[in-house]
There are 2 protein chains.
Amino acid sequence: MKIGVRRSRYFLPTLREEPAEASVVSHRLMLRAGMIRQASAGLYNWLPLGFRVMKKIEVIVRAEQDRIGAHECLMPTIQSAELWKKSGRYDDYGKEMLRITDRHDAPLLYGPTNEEAITQLFAETTKSYKDLPCRLYHIQWKFRDEIRPRFGVMRAREFYMKDAYSFDADEEQGMASYRAMAVSYLRTFERMGMTAVPMRAETGPIGGNNSHEFVVLADTGESAVYCDSTLLEQKWQDDKGNDAKGNDDKGNDAKAHADAFARATSCYAATDEEHDAERFAAEVPAARRVSTRGIEVGHVFFFADKYSRPLEASVATRQGGSVPVAMGSYGVGISRLVAAAIESSHDANGIVWHDSIAPFSVGLVSLALDEKGRQEAEALYEGLCREGIETLYDDRLDVRAGVKFAEMDLVGVPWQIVVGDKNPKDSVELKRRDGNKKQTLPLENALAKVRESLKLTRAHDPVFD
Amino acid sequence: MKIGVRRSRYFLPTLREEPAEASVVSHRLMLRAGMIRQASAGLYNWLPLGFRVMKKIEVIVRAEQDRIGAHECLMPTIQSAELWKKSGRYDDYGKEMLRITDRHDAPLLYGPTNEEAITQLFAETTKSYKDLPCRLYHIQWKFRDEIRPRFGVMRAREFYMKDAYSFDADEEQGMASYRAMAVSYLRTFERMGMTAVPMRAETGPIGGNNSHEFVVLADTGESAVYCDSTLLEQKWQDDKGNDAKGNDDKGNDAKAHADAFARATSCYAATDEEHDAERFAAEVPAARRVSTRGIEVGHVFFFADKYSRPLEASVATRQGGSVPVAMGSYGVGISRLVAAAIESSHDANGIVWHDSIAPFSVGLVSLALDEKGRQEAEALYEGLCREGIETLYDDRLDVRAGVKFAEMDLVGVPWQIVVGDKNPKDSVELKRRDGNKKQTLPLENALAKVRESLKLTRAHDPVFD
């Protein structure tokens, strides 16, 4: 991905007017900030700015999956209907499943999820308990033919999702995988600057009897949620990725996962469907009762042998027999998270990105009127890029200062550096988008502040098994 | 992506036997090396090892697109049929186009290419010559319902492709974009260690009258090709990404592109369809006549206003009028390139990856039998990973040395380091897969060689406009 772009050459079709079709703030801001455009009903083009944010989110999701020993693969979007008939789910999705017939009249479908596909792959390749636990994930487009797609990418028909699958020798080990994934999710959302609360949930067409939804709290969320406020204050890792005890957990510490999972699920937290007002009042002191709205951004399921039995995914056991593997599945909505991040962090002027998922770290606004000022701005831009600092450089000559400032606020880049204005020599104006505080200071001091904030988001070590 | 993996925990289902369904070497080796598995006819699961290679290729394609000032976006896989009716192409693709009907009976299709979609997006967002040239690309799954899918991912139904589109004010500027893209392709393939020769080609259903195919020479290629051998000796950039004149071309040097394009297209080169034996004999001295087979890995088209006119993508001109933009489109088959790379670089023992696209840089084989040897191997593995060197670590205790060596050769990792054998103290065996030369040398010297080769593939600067 490009380290820097010049606004004059960038493809950033921002909108000045409020788009009439958007009813929620993330949809409105994504359209206004030139992040997306509708292609047709429930189908979106991701423009360069939106694409960058989605990729940032993908990178974090990937790193936290890798860290718990999951391996990335990629299954096709189109699946054979045969498999879904074997599992008995072909009819469960009803009209939300996009059914297709190919030129040979073979029934296909656009995958809404991949339990069948991965179980078949596992069954064909893995035969022994020695190869367990096995955790696989992929990040792929999915399709659900929503009857009324809405809220932009939040409820689009084609959406980008990370789905992971775990295979274990028995239910106990399967639940260890479940907890590892849940902890991975807590860290994933935390790294993006979002608080996502795990809530016991219904399992729906995925099946099984153990399931948690991860819900980002946002006033504009789609459903009502209730929880104990202590859940909102928990930390899952420090800036270096270490857990609460300072351990650089590599994913194999089942005890650490069990502790964190217990901490995450021991307090009251429920979505509307599962809410019990009486229990809420009894278990949670009034001062800690949070009643707000939320957006589902992740979901974990444990369903034991629901798929491994019909699809014959068994392994040889240590004792010489053969058992169907115990499975779980785990989803994170990546395209949806872009919208969820905006729902949970914006103000009247636009988006306020967390450093970790911002499309650029610095918005460099040049107000230079003379050639010397322009050259200084150019040199600063090149310097930032060569240092590896992602920069959106507003180099336009024919655009007023007020328009440039408004656009930088709208697209929500964490740091704004304004050069070529009436600042004292060698000084710049530095603005932090989160809080909107401005100060004039020597260029070197401004850069030091930017570097310091980048150090924090980049501190995670390379991941290996 | 993980920096390192332990073989004992990796999902790498290699095959010892030759798979019966594979008729070409890349398909056979991809199955044997645990890179892919068929999901259903013409649809492939990418297993972790194959996925890594595809991602490496994607990263290089992206960097070279970014460098010529193209911006990355992402369009959905599913498109509305309406658009294709407007352009008049709805029937052109025949049964190769996967046609779909949604729950509201709206006609959709799985995009085989995106000229219509991007033209609509451009038309909605861009109105002035001032915003030109505009170059956009995306990397997305495509579908062509091949009547007889074969050769593994080489001719799969669902395939991963980078497609770019250029928008210019007139044909002259449009051809400058065409040349920039062609040069970008020459560099892209060169960075991957492949020689791809541009050959004049038919335009087929894309249309227009200017088109070149990029063909990788391989004995096992699908079609016969003929060219002047001087084309095979050309260099398009040095290890730092500078062009023949030492310029770090940032994509806006139309003159440099024109020079390189002329150099690439001035000698005889033709696919079977366009071959003229008489001209070949007349223009190319006998000693330079290359007659072999090739695999198409890229294709560039210039078609002026074929889509911009029916889809009303016009810009205001400097003179005050309005003209349909001049367009081109440019494709690189990313999933296909994985197979093409294997077709052009393998031996009797397996794949021989070029450093730039290898799934790992180092295959670390531990033959240690005692605890001390094992600890040394572990420490070396961790050290390689912390240094950022991608390592496949064969840590298995219950597998014979011969099996480990054969597998490392099969998967084709560029460097193999063998530890814990009968080497002198502090020495290791280092093998280069390309050439299969082995030597025993002090560990530090072995690491120095590995680092040196990595420096070359990593030398490219960050890209910015």
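Everything that follows concerns the structure shown earlier in this document.
A few points on the structure. A quick note: this is a predicted structure, and the numbers were derived from the prediction, not measured. (Residues numbered from 1 in each chain as written. Chains lettered and ligands numbered in written order. Predicted model: local features only at pLDDT ≥ 70, side-chain atom pairs only at ≥ 80, totals over all residues. Heavy atoms only, no water.)

Topic: the environment of L43 of chain A
Applicable threshold: Segments assigned H or I by DSSP are reported as helices when at least four residues long, segments assigned E as strands when at least two residues long, and all are numbered from the N terminus. For the exposure calls, accessible area comes from a 1.4 Å probe over protein chains only, and a residue counts as buried if that area is under 20% of its type's maximum, exposed if over 50%, partly exposed in between.
By the element assignment, L43 of chain A lies in strand 3 (residues 43–46). Note on L43 of chain A: relative accessible area 0%, which makes it buried.

Some details on the environment of L121 of chain B
Here is the rule: Should any heavy atoms of two residues lie within 4.5 Å, those residues are considered in contact.
Among the secondary structure elements, L121 of chain B is positioned in helix 4 (residues 115–125). Taking the relative accessible area as the measure of exposure, L121 of chain B reaches 1% and is therefore buried. Between the C-alpha atom of L121 of chain B and that of M75 of chain B, which follows or precedes it by 46 residues, the distance is 9.6 Å. Once you skip the residues sitting within four places of it in the chain, L121 of chain B turns out to touch F11, R37, N45 and L47 of chain A.

Considerations on the pairing of strand 22 (residues 415–419) of chain A
All names here are of chain A. Note the following rule: Should DSSP find at least two bridges between two strands, the strands are regarded as paired.
Across the 5 residues of strand 22, 5 count as buried, placing the element largely inside the fold. Neither face of strand 22 is open: one carries W415, I417 and V419, the other Q416 and V418, and all of them are buried. Bridge analysis of strand 20 (residues 362–366) against strand 22 gives 5 bridges, and the strand direction is parallel. Along strand 22, the bridge assignment pairs L364 with I417.

Focus: helix 10 (residues 401–411) of chain A
For helix 10 of chain A, every residue scored as buried is listed here: V403, K404, E407, M408, D409, L410 and V411 of chain A. At the C-terminal side of helix 10 of chain A, G412 of chain A shows a positive phi close to 75°.

Here we look at the relation of the copies chain B and chain A
To keep it simple, the criterion reads: Least squares is the method used to superpose the copies, on C-alpha atoms of residues holding a pLDDT of at least 70 in both.
The two copies are related by a screw operation: chain B maps onto chain A through 180° of rotation and 0.0 Å of translation along the axis, at an RMSD of 0.0 Å. Considering both components of the superposition, the chain copies are consistent with a two-fold axis. Of every C-alpha in chain B, the one belonging to I100 of chain B sits nearest the axis of rotation, 2.9 Å from it. By residue overlap, the copies meet face to face through one surface: 100% of the interface positions of chain B are interface positions in chain A.

Side note on the interface of chain B and chain A
Let me state the cut-off plainly: The term buried area refers to how much accessible surface (probe radius 1.4 Å) is lost by two components on association, counted for both of them together. A carboxyl oxygen of Asp or Glu within 4 Å of a side-chain nitrogen of Lys or Arg is what we treat as a salt bridge. Distance and chemistry together define a polar contact, namely a pair of N or O atoms within 3.5 Å, with one atom able to donate a hydrogen and the other to accept it when in protein, and with adjacent residues in sequence counting only for side-chain atoms on both sides. Throughout this entry, Asp, Glu, Lys and Arg are counted as charged residues, while Ala, Val, Leu, Ile, Met, Phe, Trp, Tyr, Cys and Pro are counted as nonpolar. The remaining residues, Gly among them, count as polar.
With 72 residues of chain B at the interface, the matching set in chain A holds 72 residues. Carbon and sulfur atoms make up 56% of the area that chain B and chain A hide from each other, which totals about 6400 Å². Three residues stand out in chain B for area buried against chain A, namely K2, R103 and F464 of chain B, and they jointly supply 13% of the buried area on that side. Taken together, the connections running from chain B to chain A amount to 4 salt bridges. Linking R157 of chain B and D102 of chain A is a salt bridge whose minimum nitrogen-to-oxygen distance equals 2.8 Å. The interface formed by chain B and chain A holds 34 residue pairs in polar contact (both at pLDDT 80 or more) in total. Grouping the constituent residues of the side of chain B that touches chain A by class yields 35 nonpolar, 15 polar and 22 charged.

A short note on unusual backbone geometry
All names here are of chain A. Going from L132 to P133, the amide bond is cis rather than trans, its omega being -5°. When you line up the elements, P133 lands in the loop between helix 4 (115–125) and strand 8 (134–143). Even without glycine at this site, D105 takes up a positive phi of about 65°. Along the polypeptide, D105 turns up in the loop between strand 6 (98–101) and strand 7 (107–110). Classification of D105 by relative accessible area gives exposed; the value is 62%. Even without being glycine, E312 reaches a positive phi, approximately 55°. Tracing the sequence through the fold places E312 in the loop between strand 14 (289–304) and strand 15 (314–316).

A look at the sheet that holds strand 6 (residues 98–101) of chain B
Residues and elements named next belong to chain B. Rule in force here: Axis geometry follows a simple rule: fit a line to the C-alpha atoms, using only the stretch in contact for helices, then measure angles between N-to-C directions, giving values from 0 to 180 degrees.
Across the sheet, 3 strands lie side by side as 5-7-6; this open sheet has antiparallel pairing. One side of each edge strand has no neighbouring strand; the edge strands of this open sheet are strand 5 (78–80) and strand 6. Across the sheet, the mean angle from the axis of one strand to that of its neighbour is 35°, orientation sign disregarded. Examined bridge by bridge, strand 5 and strand 7 (residues 107–110) share 3 bridges and lie antiparallel to one another. Across the sheet, the residue bridging to I78 is Y110, located in strand 7.

Focus: helix 5 (residues 171–191) of chain B
Residues and elements named next belong to chain B. Where we set the bar: Helix span, as expected, comes to 1.5 Å for every residue beyond the first.
Between the first and last C-alpha of helix 5 there are 30 Å, a value that for 21 residues agrees with the 30 Å anticipated at 1.5 Å per step. With a side-chain oxygen lying 3.2 Å from the backbone nitrogen of E172, the N-terminal cap of helix 5 falls on D170. Looking at the residues trailing helix 5, positive phi occurs at G193, about 80°.

So, to be careful, I would describe these as geometric facts and stop short of saying anything about function.
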